[in-house]
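# Structure assessment
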Amino acid sequence: MWKDFFYYSRSERRVILLLLGLLIILGISWLVCWRLYRTEYVRQEDSAEIDSFLASVKQRETAYAKRNYTASGVRKGQEVVLFDFNPNTADSVQLKKLGLPSFVVRNILRYREKGGTFRTPEAFARIYGLKEEQYLLLKPYIQIPPREENKQDSVCEQVKIQRIEKYPEGTLVALNEADTAQLKRIPGVGSGIAKMIVAYRNRLGGFVRLEQLQEILHVDTCLNKWFVVQGTPFRKIRVNKDGLDKLRNHPYMDFYKAKAILEYRRKRGNIKGLSRLSLFEEFTEKDLQRLSPYLSFE
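Residues numbered from 1 in each chain as written. Predicted model: local features only at pLDDT ≥ 70, side-chain atom pairs only at ≥ 80, totals over all residues. Heavy atoms only, no water.

Once that is clear, we can look at the overall build of the chain. Scanning the chain from N- to C-terminus turns up 13 helices and 4 strands. Buried positions account for 28% of the 298 residues belonging to the chain. Long-range pairs, those at least 24 residues apart, make up 49% of the contacts in the chain between residues at least 6 apart in sequence. For the chain, the computed accessible surface area is about 21,000 Å², with 55% contributed by carbon and sulfur atoms. (Helix = DSSP H or I, 4+ residues; strand = E, 2+ residues; numbered from the N terminus. Buried < 20%, exposed > 50% of the residue type's maximum accessible area, 1.4 Å probe, protein only. Contact = heavy atoms within 4.5 Å. Areas by Shrake-Rupley, 256 points an atom, 1.4 Å probe, with all protein chains shown as cover.)

Here it is, written out as structure tokens:
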């Protein structure tokens, strides 16, 4: 056949090849369309099977619930004992005896663990999962003592009794030696500010001026009268020995200052004194004034 093909003229051969190409393209297109149709058909069948399976599961769950629970929401076969109870103190065993499902009991216990308190029977009705029929059945047995309504007031009274005794006016506290317990005895200083003062003192290596207290958030100048600064810093920056992390951890340093020191040490050796640091463009005159008590060039 192919030998006869070459007896045709060039234009006739082109027409024949074009027709063959079109036939091939049509065949491929038909094959692709058939595969797509088949895939979509299978997907639809799978989807229908999945929907049918989920529907049957839902029907079984509904039938199970109808078989095992009464109209009041109590599981059939479960022995229900109705008695007076306090929803703020009843344990899981008592709550289950009242006919409450396990998941409702868990919700009650979790609510109480997070600090929740049932102040009225109506508050108990809002617990997640508790059905209205169950609540109406238990409502006559809910007993919440009046004293629990004033529990918050009693806690406040206990806090007043346990309030820390403050220092009298004129007392001076050693700023570099006081712990958080001593700091909290200063009027106007609570637990949070006391912790911030100690943390900042440790980062500095010790206070050298009372004015440094105002570098701490929420510390006002009115607190300065309660403190006295004694001695020199208990920890200094070792300019020629400390690494990058230790250098930049100081409140008066940063990454660029620490990097400049390390680069100088790597290229030229130890830094002899403060005058050498003054030549670094990373250090301003104010930086050097604040840092001078904390630098050691040994």
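Once you've had a look at it, read on.
Here the focus is helix α4 (residues 102-113). For α4, built from 12 residues, the straight-helix expectation of 16 Å at 1.5 Å per residue is met to within 8% by its first-to-last C-alpha distance of 16 Å. Regarding α4, the residues found buried are Val104, Val105, Asn107 and Ile108. Angular distribution of buried residues about the axis of α4 spans 160 degrees; they occupy a single face of the element. Of the surrounding secondary structure, the elements contacted by the buried residues of α4 are α3 (92-97) and α5 (121-125). Positive phi shows up at glycine 115, right after α4, with a value of about 95 degrees. (Expected span 1.5 Å × (residues − 1). Arc of directions from axis to C-beta.)

All right, on to the pattern of salt bridges then. Tallied over the entire structure, the rule returns 7 salt bridges. Measuring nitrogen to oxygen at the nearest pair gives 4.0 Å for the salt bridge that ties lysine 139 to glutamate 122. One end of the pair, lysine 139, is in the loop between α6 (132-138) and α7 (151-161); the other, glutamate 122, is in helix α5, with 17 residues separating them in the sequence. By relative accessible area, lysine 139 is classed as partly exposed at 38%. Glutamate 122 sits in the partly exposed class, given a relative accessible area of 40%. Of the charged contacts in the structure, one is a salt bridge between lysine 257 and aspartate 254, with a shortest N-O distance of 3.2 Å. Judged by relative accessible area, which is 9%, lysine 257 ranks as buried. Residues joined by salt bridges that share partners form a network here, namely Asp254, Lys257 and Asp287. (Salt bridge = Lys/Arg side-chain N within 4 Å of Asp/Glu carboxyl O.)

With that settled, the discussion passes to the confidence of the model for the chain. Mean pLDDT over the chain works out to 81, with 77% of the residues at or above the 70 mark. Per-element averaging of pLDDT across the chain places α7 at the bottom with 44 and strand β2 (residues 227-228) at the top with 95. The model gives residues 148-162 a pLDDT under 50, and that stretch makes 7 contacts with residues more than four places away or in other chains. (pLDDT = per-residue confidence, 0-100.)

Tallying each qualifying case throughout the model produces 8 aromatic pairs. Note on phenylalanine 85 and phenylalanine 124: the rings are 5.9 Å apart at their centroids and 70 degrees apart in plane angle, and the pair reads as edge-to-face. Separated by 39 residues along the polypeptide, phenylalanine 85 in the loop between α2 (10-68) and α3 and phenylalanine 124 in helix α5 bring together distant segments of the chain. Taken as a pair, phenylalanine 85 and phenylalanine 124 share a single burial class, namely buried. Grouping aromatic residues by their ring pairs yields a cluster made of Phe85, Tyr111, Phe118 and Phe124. A cation over an aromatic ring shows up here: lysine 257 above the ring of phenylalanine 283, its NZ or CZ 6.0 Å from the ring centre. (Phe/Tyr/Trp six-rings, centres within 6.5 Å; stacked < 30°, edge-to-face > 60°. Lys NZ or Arg CZ within 6 Å of the ring centre and 35° of its normal.)

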